Amino acid sequence: NRSSEGPQRTRGKIERVVERRHSQLVGILKKTAFYWYLIPDNPRIPHNVRIREFSRSIRKPEENHKVVAVLDPRDQVQKPLSGVVTEDLGPGDASGVDMLSLLRNYRIEETFSGGAIAEADRISPALTESDLSGRRDLRDLVAFTIDPEDAKDHDDAVSLGRTKDGLWLLGVHIADVPHFVKRGSSLDQEAMQRGNSVYLVDRAIPMLPRRLTSEICSLQPQVDRLAHTVNVLLDEDGNVRGSETFLSVIRSSARLNYDQVQRLFDRKPDHDIPPPVQDVLADMRRLAARLRGLRMTGGSIDLTMPELKCVLDDRGKAVQIYKRGAAEAYHLIEEFMLVANCVVARRLHKARVPAVYRVHEPPDDAQWMKMQSDLRALGFRVSLRSKDSMNRIARETAATPREYIVHLAILRNLKRAVYSSKLIEHFGLSFPC
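Here goes a summary of the coordinates provided. (Residues numbered from 1 in each chain as written. Predicted model: local features only at pLDDT ≥ 70, side-chain atom pairs only at ≥ 80, totals over all residues. Heavy atoms only, no water.)

### What about the overall build of the protein?
Applied cut-off: The helix count covers DSSP runs of H or I at least four residues long, the strand count covers runs of E at least two residues long, and both are numbered beginning at the N terminus. Two residues qualify as a contact provided that any one of their heavy atoms is within 4.5 Å of a heavy atom in the partner residue. In short, Shrake-Rupley with a 1.4 Å probe defines the accessible areas, and a residue's cover is counted only from the protein chains shown. Working convention for charge: Lys and Arg count positive, Asp and Glu count negative, and His plus the chain ends are omitted. A charged residue contributes its charge at one atom only: NZ of Lys, CZ of Arg, CG of Asp or CD of Glu.
The number of helices and strands found in the protein is eleven helices and 18 strands. In terms of overall dimensions, the protein has a C-alpha envelope of 80 × 65 × 50 Å along the principal axes. A separation threshold of at least 6 residues defines the contact pool for the protein, and within that pool the share at least 24 residues apart is 64%. Element-wise, carbon and sulfur atoms account for 50% of the exposed surface of the protein, whose accessible area totals about 26,300 Å². Across the protein, 67 positive and 59 negative side-chain charges occur, with their mean positions spaced 6 Å apart.

If you want it as structure tokens, here you go:
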């Protein structure tokens, strides 16, 4: 209804709650002289939960333990929260309990269903003739993976060569997981429920059983693996001149990490990279620099934010935090993946088939004003309404003591990139598709 007095204001009344976001909570267990209660970890839930009972698996409740409580249904907003404790995670300050609390809070399962495990166990790592049918054989190609040193799986490889016409032929080879995960199978249903893999500071929880992610689908060196390949033809300046995608079989020549590649680029002798791969990396380095230059010239936002790595000891305690290095090696893979993603997006859009795109909306008026206000507080007297003015400030402060705080002021006032079935320009990258 609309109020007849004062400014027009839309009013409403909540009739019923269709679904509650939180059906279980994690928190610290406490007690009074009369009852037990839970203090939720989630700061957005300001009320304690009165414990109605404990499940049979919890023989002796202990104060200051982290526990999981399933909430009782609530038909009235004024009614206090109550629930049943179903799991005791251990003392609140014990090693590893913090990570368990995160997993329970977000309902992330580390174990897989029996059906999914059984299906994964039945898949043979040895490829058959039927597996290779209809695929292009790229096993003689010098392709290799580049990942963080502690990566458990290797799902993309790259290659680079020259055509007879003198164009660059960039290959991006993605592990062909769908070949092994059939639609409607237990593996497919498990993956759909999870949606993605989850990376925490001390562990990775894959979307599929590790037999698939770390063995059968992982592009390990000197082993035949199925892939989906994107081939991109590029001229000397990095402009795309043609592309194709197809199913393939590859045999990775090497498993490299970013630090290794960076040591090669820095001409340090301890990189342990085979000579044929070194030659390809030298060409990749030149091409990636041109691709990055082309992207920056096209208006891509050039923000430098440090990425941090946290090192834990055997008890899960943080013992070291340091900035991730190997910037040029990371940029190399980043530029190649961006090219491949743009090629695939354009092909999907041209085919007019339903697809999911990576999109990034420009800042709204309030965000532009807040960004300008934050930068003025840092000493920049500018009228900020365009990507060019934003980039100019970012580049002025690059490699100066003010770099981090200025780039952070810009970043925190940008919208987040998301996945969408609606195609719009990616503001941050200046990519139309």
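### Concerning the packing of helix α7 (residues 275–297) against helix α8 (residues 327–351)
For the record, the criterion: In this description, a line fitted to the C-alpha atoms serves as the axis of each element, helices being fitted only across the stretch in contact, and the angle between N-to-C directions of two axes falls anywhere from 0 to 180 degrees. These descriptions rest on fixed angle ranges, namely under 35 degrees for roughly parallel, over 145 for roughly antiparallel, 65 to 115 for roughly perpendicular, and the rest for oblique. In this scheme, a crossing is called left-handed if the near helix is turned counterclockwise away from the far one by less than a right angle; it is called right-handed if the turn is clockwise. The nonpolar class holds Ala, Val, Leu, Ile, Met, Phe, Trp, Tyr, Cys and Pro. Asp, Glu, Lys and Arg form the charged class, and all remaining residues, Gly among them, are polar.
At a minimum axis separation of 9 Å, α7 and α8 run at an interaxial angle of 65°. Classified by the interaxial angle, the pair formed by α7 and α8 is roughly perpendicular. Considering the relative orientation of α7 and α8, their crossing is left-handed. Here Met-284, Arg-285, Leu-287, Ala-288, Leu-291, Arg-292 and Arg-295 of α7 come into contact with α8, specifically with Glu-328, His-331, Leu-332, Glu-334, Glu-335, Phe-336, Leu-338 and Val-339. Considered class by class, the residues forming the contact of α7 with α8 number eight nonpolar, one polar and six charged.

### Examining the pattern of salt bridges
The cut-off we apply is this: Any carboxyl oxygen of Asp or Glu within 4 Å of a side-chain nitrogen of Lys or Arg constitutes a salt bridge here. Only protein chains enter the accessibility calculation, which uses a 1.4 Å probe. A residue is then buried if its area is under 20% of the maximum for its type, exposed if over 50%, and partly exposed in between.
Going through the model one piece at a time under the given rule, you end up with 31 salt bridges. Between Arg-251 and Asp-224 there is a salt bridge, and its shortest N-O distance comes to 2.7 Å. Within this pair, whereas Arg-251 is found in strand β13 (residues 240–251), its partner Asp-224 is found in strand β12 (residues 224–234), the two being separated by 27 residues in sequence. The shortest N-O distance in the salt bridge between Glu-307 and Arg-324 comes to 3.0 Å. Highlighted residues: Glu-307 in the loop between α7 and β15 (308–312) and Arg-324 in the loop between β16 (318–323) and α8, separated in sequence by 17 residues. According to the relative accessible area criterion, Arg-324 is partly exposed, its value standing at 34%. Salt bridges sharing partners connect three or more residues here, namely Arg-292, Arg-295, Asp-302, Glu-334, Glu-335 and Arg-395.

### Digging into the nonpolar core
Where we set the bar: In plain words, nonpolar cores are sets of buried Ala, Val, Leu, Ile, Met, Phe, Trp, Tyr and Cys residues tied together by side-chain atoms within 4.5 Å.
Core analysis: the biggest nonpolar cluster contains 34 residues, and Phe-144, Ile-146, Leu-256, Leu-281, Met-284 and Phe-336 have the highest contact counts within it. Secondary structure elements with two or more residues in this core: β7 (144–147), β8 (156–162), β9 (168–175), β12, β14 (254–257), α6 (258–265), α7 and α8. Top contributing element to this core by residue count: α8, with nine residues. Membership of the second largest hydrophobic core comes to 15 residues, among which are Ile-123, Phe-180, Ile-216 and Leu-226.

### Re unusual backbone geometry
Notably, Asn-64 is not glycine yet its phi reads approximately 70°, a positive angle. Relative to the helices and strands, Asn-64 resides in the loop between β3 (49–54) and β4 (65–71). Under the relative-accessibility criterion, Asn-64 is labelled partly exposed at 37%.

### Quick word on the packing of aromatic side chains
Condition: Aromatic rings from Phe, Tyr and Trp, taking only the six-membered ring of Trp, are treated as a pair when their centres fall within 6.5 Å; an angle between ring planes under 30 degrees marks them as stacked, one over 60 as edge-to-face, and anything in between as tilted. Note on geometry: a ring has a charge over it if NZ (lysine) or CZ (arginine) is within 6 Å of the ring centre and within 35 degrees of the ring normal.
Enumeration over the complete set of coordinates arrives at four aromatic pairs. Here the aromatic rings of Trp-368 and Phe-427 are separated by 6.5 Å at their centres, their planes lie at 80°, and the arrangement is edge-to-face. You can see Trp-368 sitting in helix α9 (residues 365–377) and its partner Phe-427 sitting in the segment after β18 (418–420), a full 59 residues away along the chain. Take Trp-368 and Phe-427: they sit in the same class, and that class is buried. Of note, Arg-194 hangs over the ring of Phe-112, and the distance from its end group to the ring centre comes to 3.9 Å. A cation sits over an aromatic face here: Arg-358 above Tyr-419, 4.6 Å from the ring centre.

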